[in-house]
Amino acid sequence: MSQLKPISHLDNIPSTPGKFKMDKSPYIHRLRWHSSLAKLTFWSFLFLGLILLFFFRSPPPSSPSDSSRRSLSNSNWGGPAWEKRVRSSARVRARNGLSVLVTGAAGFVGTHVSAALKRRGDGVLGVDNFNDYYDPSLKRARQALLERTGVFVVEGDINDSALLRKLFDVVAFTHVMHLAAQAGVRYAMQNPGSYVHSNIAGLVNVLEVCKSANPQPAVVWASSSSVYGLNSKVPFSEEDRTDQPASLYAATKKAGEEIAHTYNHIYGLSITGLRFFTVYGPWGRPDMAYFFFTRDILKGKQIQIFEAPNHGTVARDFTYIDDIVKGCLAALDTAEKSTGRGGKKKGPAQLRVFNLGNTSPVPVTELVSILERLLKVKANRLMLKMPRNGDVQFTHANISLAQRELGYKPTTDLQTGLKKFVRWYLSYYSSSGKKSAS
Ligand SMILES: O=C(O)[C@H]1O[C@H](OP(=O)(O)OP(=O)(O)OC[C@H]2O[C@@H](n3ccc(=O)[nH]c3=O)[C@H](O)[C@@H]2O)[C@H](O)[C@@H](O)[C@H]1O
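Remember, predicted model here, so these are calculated numbers, not experimental data.

**Points about the overall build of the chain**
- If you tally the helices and strands in the chain, you get 13 helices and 13 strands.
- Per-residue burial for the chain yields a buried fraction of 51% across its 438 residues.
- Relative to all contacts within the chain whose residues are 6 or more apart in sequence, the contacts with residues 24 or more apart total 81%.
- Of the roughly 22200 Å² of accessible surface on the chain, a fraction of 57% belongs to carbon and sulfur atoms.

**Remarks on the layout of surface pockets**
- Computed from the structure, the second largest pocket encloses a volume of approximately 450 Å³.
- What lines the second largest pocket is a set of 20 residues, and nearest its centre among them are Leu230, Met386, Arg388, Asp391 and Val392.
- Here the lining of the second largest pocket is built from residues that sort into ten nonpolar, six polar and four charged.

**Quick word on the side chain of Asp157**
- Checked against the element boundaries, Asp157 lands in the loop between β3 (152-155) and α6 (161-170).
- In this structure Asp157 comes out as buried when scored by relative accessible area, which is 2%.
- A distance of 3.0 Å separates a polar atom in the side chain of Asp157 from a polar atom in the side chain of Asn129.
- Within polar-contact distance, the side chain of Asp157 engages the backbone nitrogen of Asn159 at 2.8 Å.

**What about helix α13 (residues 414-430)?**
- With 17 residues, α13 ought to run about 24 Å at 1.5 Å a step, and its terminal C-alpha atoms sit 24 Å apart, in line with that.
- What α13 keeps buried is the set Leu414, Gly417, Leu418, Phe421, Val422, Trp424, Tyr425, Tyr428 and Tyr429.
- Structurally, α13 contributes buried residues whose contacts are with α5 (136-149), β7 (279-280), α9 (289-299), β10 (319-320), β12 (362-363) and α11 (364-375).

**Here we look at the environment of Lys301**
- Tracing the backbone shows Lys301 in the loop between α9 and β8 (302-307).
- Residue Lys301 is classed as partly exposed on the basis of its relative accessible area, which comes to 45%.
- Filtering out sequence-adjacent residues up to four positions away, Lys301 remains in contact with Asp296 and Asn380.

**Re the nonpolar core**
- Within the largest apolar cluster, 76 residues are counted, with the highest numbers of intra-cluster contacts made by Met177, Phe276 and Leu418.
- Not counting the four nearest positions on each side in its chain, Phe276 is found in contact with Val109, Leu179, Ala222, Ser223, Ser224, Ser225, Ile324, Cys328 and Leu356.
- By size, the runner-up hydrophobic cluster in this structure holds 32 residues, among which are Val86, Leu125, Ile158 and Ala260.

**A short note on the site of the ligand**
- Around the ligand there are 23 residues in total, and Arg186, Ser224, Ser225, Gln304 and Arg316 lie nearest to it.
- With respect to the ligand, the side chain of Arg186 contributes an N or O atom lying 2.5 Å from an oxygen atom.
- In this structure, Asp391 approaches the ligand through a side-chain N or O atom, which is 2.9 Å from an oxygen atom.
- Calculation on the ligand without its partners gives an accessible area of 700 Å², and the protein chains cover 94% of this total.
- For the shell around the ligand, the secondary-structure elements that each account for two or more residues are α9 and β8.
- Residues of the shell around the ligand, tallied by class, amount to 13 nonpolar, six polar and four charged.

**Here's the deal with the environment of Ala90**
- Looking at where Ala90 falls in the secondary structure, it is placed in helix α3 (residues 80-90).
- Taking the C-alpha atoms as reference points, Ala90 and Val151, 61 residues apart in sequence, are found 7.9 Å from one another.

**Observations concerning the pattern of salt bridges**
- Scanning the entire structure with this criterion turns up 19 salt bridges.
- Residue Glu155 pairs with Arg140 through a salt bridge whose shortest N-O separation is 3.1 Å. Of the two residues, Glu155 sits in strand β3 while Arg140 sits in helix α5, which places them 15 residues apart along the sequence.
- When salt bridges with common partners are traced through the structure, they connect Glu83, Arg87 and Lys166 into a single cluster.

**Observations regarding the sheet that holds strand β5 (residues 218-224)**
- One open sheet holds the seven strands; their spatial order is β3-β2-β1-β4-β5-β6-β11, and the pairing between them is parallel. Two strands in the sheet have a free side with no partner beyond their single neighbour: β3 and β11 (351-356). Each adjacent strand pair in this sheet contributes to an overall mean axis angle of 20 degrees, direction not counted.
- The sheet contact formed by strand β2 (residues 123-128) and β3 spans four bridges and is parallel. Each bridged residue has a counterpart across the sheet, and for Val127 the counterpart in β3 is Val154.
- Each of β1 (99-103), β2 and β3 touches α3; the most contacted strand, β2, lies at about 125 degrees to it.
- Helix α8 (residues 248-267) rests against β5, β6 (271-276) and β11 of the sheet, and its axis sits at about 155 degrees to β5.

**A closer look at the UniProt feature "domain: NAD-dependent epimerase/dehydratase" (unreviewed entry) in the chain**
- If you check UniProt for "domain: NAD-dependent epimerase/dehydratase" (unreviewed entry), the listed places come out as residues 100-337 in our numbering.
- Between the end C-alpha atoms of residues 100-337 the distance is 13 Å, and the span holds 43% helix and 18% strand.

**Examining empty space enclosed by the protein**
- Enumeration over the complete set of coordinates arrives at three cavities of 30 Å³ or more.
- By volume, the largest cavity amounts to about 50 Å³.
- Lining the largest cavity we find His178, Ala180, Ala181, Ser198, Asn199, Leu203, Trp221, Ala222 and Lys253.
- Those elements that provide at least two residues to the lining of the largest cavity are α7 (192-212) and β5.
- Considering every element that reaches the lining of the largest cavity, the biggest residue donor is α7, with three residues.
- Of the residues contributing to the lining of the largest cavity, the split by class is five nonpolar, three polar and one charged.

Parameters and conventions
- Residues numbered from 1 in each chain as written.
- Predicted model: local features only at pLDDT ≥ 70, side-chain atom pairs only at ≥ 80, totals over all residues.
- Heavy atoms only, no water.
- Helix = DSSP H or I, 4+ residues; strand = E, 2+ residues; numbered from the N terminus.
- Buried < 20%, exposed > 50% of the residue type's maximum accessible area, 1.4 Å probe, protein only.
- Contact = heavy atoms within 4.5 Å.
- Areas by Shrake-Rupley, 256 points an atom, 1.4 Å probe, with all protein chains shown as cover.
- 1 Å grid on protein atoms, 1.4 Å probe; cavity = no way out; pocket = protein on both sides within 12 Å on 5 of 7 lines; lining within 4 Å.
- Points joined across faces, edges and corners; volume = space filled by probe spheres on them.
- Nonpolar A, V, L, I, M, F, W, Y, C, P; charged D, E, K, R; others polar.
- Polar contact = N/O pair within 3.5 Å; in protein donor to acceptor, adjacent residues only side chain to side chain.
- Expected span 1.5 Å × (residues − 1).
- Core = buried A, V, L, I, M, F, W, Y, C linked by side-chain atoms within 4.5 Å.
- Near = heavy atom within 4 Å.
- Salt bridge = Lys/Arg side-chain N within 4 Å of Asp/Glu carboxyl O.
- Pairing = 2+ DSSP bridges.
- Axes fitted to C-alpha atoms, helices over the stretch in contact; angles between N-to-C directions.
- UniProt positions renumbered as here; feature names shortened; annotations may be inferred.

Spelled out as structure tokens, the structure:
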């Protein structure tokens, strides 16, 4: 090993305080004084350094728009009044009701599922970080809606393990409906870090807390139809290959399914993944095509409609929110108990994955035609070759497994569902001050 030591200002500082031996000299008192001052300065800097290290330990946001991280600093929870609200929101009112922690409760699916659970007498507590991936005022409006039905939505991030642990200290949740995620297929090219943060790190954090909880809850969570990626065998069945994701979003959802397998295998967590197929409806997500097509058609703005090579049709198995909610509730109701205790597996636990789709794909051009009829406005269409941005040409769900195991049976066609969406859209954006979706 080299004898050369790096030159550093730390070289003269003793590694063990108190063991530093000073030569005797006439200036001994002055030196001692200097030495004490130096020690004091050193320890003050070290202390300060440790404090700074503690505060800046977490990695910096991967981009300025990584809002889920930004919102961490906004989380505001704790205290007796807060705990009382949490308890009251999660209180089960129906016989044999569930006590459910819903993550992403101010999101589109989260709001609908939370309200439905509450309506039938289950206890529901929501968590949401209210990030600005899309207009947060819509999330606040959903929160207000839930508040009126008796659901408290705690503002916090799924990566905040202290918060999640605290919630489990206050309430022994029987189920976790994990819907918080970074959604959107195309946005993954702009902000890849947010997908890793929410869909990978966030999921792991939720499962970590669940596996340590006593009793462990059963977990139902949102996977995605996008895991089928470039699979061309239709309709998509749960047994088909899912190892060719076309977007980072899809890859993080697929990774989530593998992570679920691990937590089920090691810790005995009961886990059900639901592959949602392009969910739409009232209170929907403004980043989705049906939503911003509506906004742009009404504004007279041009809309871009993607087409496959050789003018091939791009189609989606659009699924109405009420059907998805029924599937989510059935997944919760049929979830078996987790088998672990104290972070240890005591026996094999349930691990499931289901397609929740509509089973009738509709071309995007037809979606636009329906919107034109409902809005009574002609769209300014621009047909565009599908960019290489993570989109797939079509999706089509085989739902026989969900039908058999969950009694899942979608009943809303696209025309009927869009009619309900448009009615909501017009009323929401015409009411007090909300001029149009941004
Ligand atoms: O099932 C899922 O797991 C995913 O569903 C949803 O993704 P997608 O099915 O891609 O929905 P969405 O963006 O509404 O595009 C719809 C159609 O419009 C086409 N499209 C889109 C934009 C545009 O400008 N033009 C266009 O033609 C586009 O090519 C596509 O054919 C969720 O967003 C996603 O979070 C995830 O949950």
